[in-house]
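Examining the three-dimensional arrangement
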Amino acid sequence: MHFDDRRRPSRRDVLAGAAAGATVLAAPAIVRAQAKTIKVAVVLPRSGLFAAAGQSCHRGAVVAPKVLADLGYAVELINVDFESNVDVARTQTERAIAEGAQAVVGAFESGATLAMAQVCEQRKVPLVINIASVPQLTEQGYQYLVRNFLTNAQLVGNGLKLVKDLMAATNVQFKNAVFVHANDTFGTAQRAAMDKLFPAAEMPFPLVESIAYDPKAQDLAVEVTKIRAVAPELVLVTTRSSDAIKLVRDMVRQRFEPKAIISPGSPGLYDEEFYQALGPLADFHIFNLPWANTKSPVTQALAAAYRTTHPSNRFEVDCFNAGFTFEAIMIAADAFKRAGTADGPTLMKAVKETKIAEHVMTGGPITFDEKGQNNNIQASVVQNRKRTPTVVLPPDVADAAPVLPMPPWQGRS
């Protein structure tokens, strides 16, 4: 794109230029698509057990049409709440498609996403996964599905590697560790990945036990008692925000203080609900995950729109959920613009041919392999500092240095 030297390029100019450089577009498709809008159903758990994360994803979806309009895309959203219920996710996806949805985005929770994948496969409607990691999604041969997120194995594998990097950067060693996980679809898949990958990772400490818990339990006192009996220096966790709160509270009550609590790839520790419930006790926990790339013009545009639309919420906290949800909608819009049609097979072919260089989350261009998996996503070490997620590794993108061991529960402010 050529800018007139006599005027400053507008934000719209910059974003349009980023979009043009991000994809290879056929000129006839552009002409056909200019007057068209793709209708995307965004299916999320905005109530029920996963409501905090679902609402966070939803806030990213709400601002997506405006930001995408500046990128040259026209998108209409059908926002759907599946109430953290797998059966509702299935029926609501069917209903959204019947009401004209030409693509589906979702669903944060893996069990619900599997149910939606079956519907989309039957109806030949593309499903773009924003967040869901169980391996079955890209291992069962679905033809109308892509995942712009890491698999359980990628989450755990990257997470363990970053634990090594964290130990090297802080010169802090761990004598032993336990793995604590929810017994839901996601947590069970993480356990399977941990069982497979930990021995091969050659970690400099043993994993002495894995402890499962029911995320719907009133408290986790029994599980924390089991953890204390093992006395690990490192607690690896797979949590959601509600059970992460219970886990920390029971650790504080039982005066159990490991050197670190680290998620090798799960939500919970960075949600606003976690910060509000625990205050200073929410600080210094670590999660090894992809995060928003603050240097990207698309991230900057999304953040600006987010802050205007959601002044009571923090983009710095929501950027994981909001960023991946925005990207999923962008993938559908970009494919529609290139395809010039919402015909299911043609649109899905364009989705699989996606190549978006400028986007929100850390990593290389958004592309998909033959199974529909994006393998270019990169993770960082993020630590809670003053109730704000803060990138602490790798050094070239870090905003602060990591703190290990974490300070005692008592005396925090």
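All residue numbers refer to position in the chain's written sequence, counted from 1. Only residues with pLDDT of at least 70 are given local features in this predicted model, and only at 80 or more are side-chain atom pairs given and counted; all residues enter the totals for whole chains, interfaces and linings. Excluded from the side-chain calculations are hydrogens and water; all other atoms, namely the structure's heavy atoms, are used.

- By the naming in an unreviewed UniProt entry, the protein is ABC transporter substrate-binding protein, taken from Rhodoplanes azumiensis.

Some thoughts on the sheet that holds strand β8 (residues 234-238)
- By the convention used here, strands pair only if DSSP detects at least 2 bridges between them. Put simply, DSSP marks the helices as runs of H or I at least four residues long and the strands as runs of E at least two long, and each gets a number from the N terminus on. Read across the sheet, seven strands follow the order β7-β6-β8-β9-β10-β11-β12 without closing on themselves; strand pairing throughout is mixed. Looking at the sheet topology across the chains shown, the edges are occupied by β7 (207-213) and β12 (389-393). The mean inter-strand angle of the sheet, taken between neighbouring strand axes irrespective of direction, is 25°.
- Pairing analysis gives four bridges linking strand β10 (residues 286-289) to strand β11 (residues 380-384), with the strands arranged antiparallel. Each residue of the ladder has a partner; that of N288, found in β11, is V381.
- Residue contacts are defined here by distance: any two heavy atoms, one from each residue, within 4.5 Å place the two residues in contact. What counts as an axis is a line fitted to C-alpha atoms, over the stretch in contact for a helix, and the angles between N-to-C directions run from 0 to 180 degrees. Along the sheet face, helix α7 (residues 152-170) touches β8, β9 (260-263), β10, β11 and β12 and points at about 125° away from the line of β10.
- The sheet strands contacting helix α8 (residues 185-201) are β6 (177-182), β7 and β8, and the helix crosses β6 at an angle near 155°.

Some points on the pattern of salt bridges
- Each salt bridge in this description consists of a side-chain nitrogen of Lys or Arg and a carboxyl oxygen of Asp or Glu lying within 4 Å of one another. Applying the stated criterion across every chain yields a total of 14 salt bridges.
- Between K371 and E139 there is a salt bridge, with its nearest N and O atoms 3.1 Å apart. One end of the pair, K371, is in the loop between α14 (344-352) and β11; the other, E139, is in helix α6 (residues 136-139), with 232 residues separating them in the sequence.
- Judged by relative accessible area, which is 39%, K371 ranks as partly exposed.
- A salt bridge links R307 to E316; its shortest N-O distance comes to 2.7 Å. The buried label goes to any residue with under 20% of its type's maximum accessible area, the exposed label to any with over 50%, and the partly exposed label to all in between, with areas taken from a 1.4 Å probe on protein chains only.

Here we look at α7
- For a helix, the expected span equals 1.5 Å multiplied by the number of residues minus one. With 19 residues, α7 extends 27 Å from end C-alpha to end C-alpha; this agrees with the ideal 27 Å at 1.5 Å per step.
- Within α7 the residues assigned to the buried category are N152, L155, V156, G159, L160, L162, V163, L166, M167 and T170.
- For α7, the elements touching its buried residues are α8, β8, β9, β10, β11 and β12.
- Where α7 terminates, the next one or two residues include N171, which has phi positive at roughly 60°.

A short note on the UniProt feature "domain: Leucine-binding protein" (unreviewed entry) in the protein
- Mapped onto this structure's residue numbering, the UniProt feature "domain: Leucine-binding protein" (unreviewed entry) falls at residues 37-376.
- Strand forms 15% of residues 37-376 and helix 48%; the C-alpha atoms that close the span are 28 Å apart. UniProt positions are given in the numbering used here, feature names are shortened, and annotations may be inferred rather than shown by experiment.

A short note on helix α9 (residues 221-230)
- Of all the positions in α9, only E223, V224 and I227 are classed as buried. The buried residues of α9 occupy one face: seen down the axis, they fall within an arc of 95°. Facing away from the buried surface of α9 by more than 90 degrees, the exposed residues are V222 and A229.
- Looking at the buried residues of α9, the elements they touch are β6, β7, β8 and α10 (241-253). This arc describes the spread of directions from the helix axis toward the C-beta atoms.

Notes on the packing of α9 against α10
- Contact geometry for α9 and α10: axes closest at 9 Å, N-to-C directions at 60°. Here α9 is positioned oblique relative to α10, judged by the angle of their axes. Where α9 crosses over α10, the handedness of that crossing is right-handed. Contacts between α9 and α10 involve A221, V224 and I227 from the first element and L247, D250 and M251 from the second.
- For this classification, the nonpolar set comprises Ala, Val, Leu, Ile, Met, Phe, Trp, Tyr, Cys and Pro, the charged set comprises Asp, Glu, Lys and Arg, and every other residue, Gly included, is treated as polar. Classifying every residue of the contact of α9 with α10 gives five nonpolar, no polar and one charged. Any angle between 65 and 115 degrees counts as roughly perpendicular, while under 35 counts as roughly parallel, over 145 as roughly antiparallel, and the rest as oblique. With the far helix as reference, a near helix turned anticlockwise by less than a right angle produces a left-handed crossing, and one turned clockwise produces a right-handed crossing.

Digging into the side chain of N384
- Note that N384 resides in strand β11.
- A polar contact of 2.9 Å, which involves the side chain of N384, links it to the backbone oxygen of A282.
- Apart from residues lying up to four places away in sequence, N384 is in contact with L269, F274, Y275, A282, D283, F284, H285, F287 and P389. Here a polar contact is recorded for every N or O atom pair within 3.5 Å, except that within protein the pair must consist of a potential hydrogen donor and a potential acceptor, and residues adjacent in sequence are included only if both atoms are side-chain atoms.

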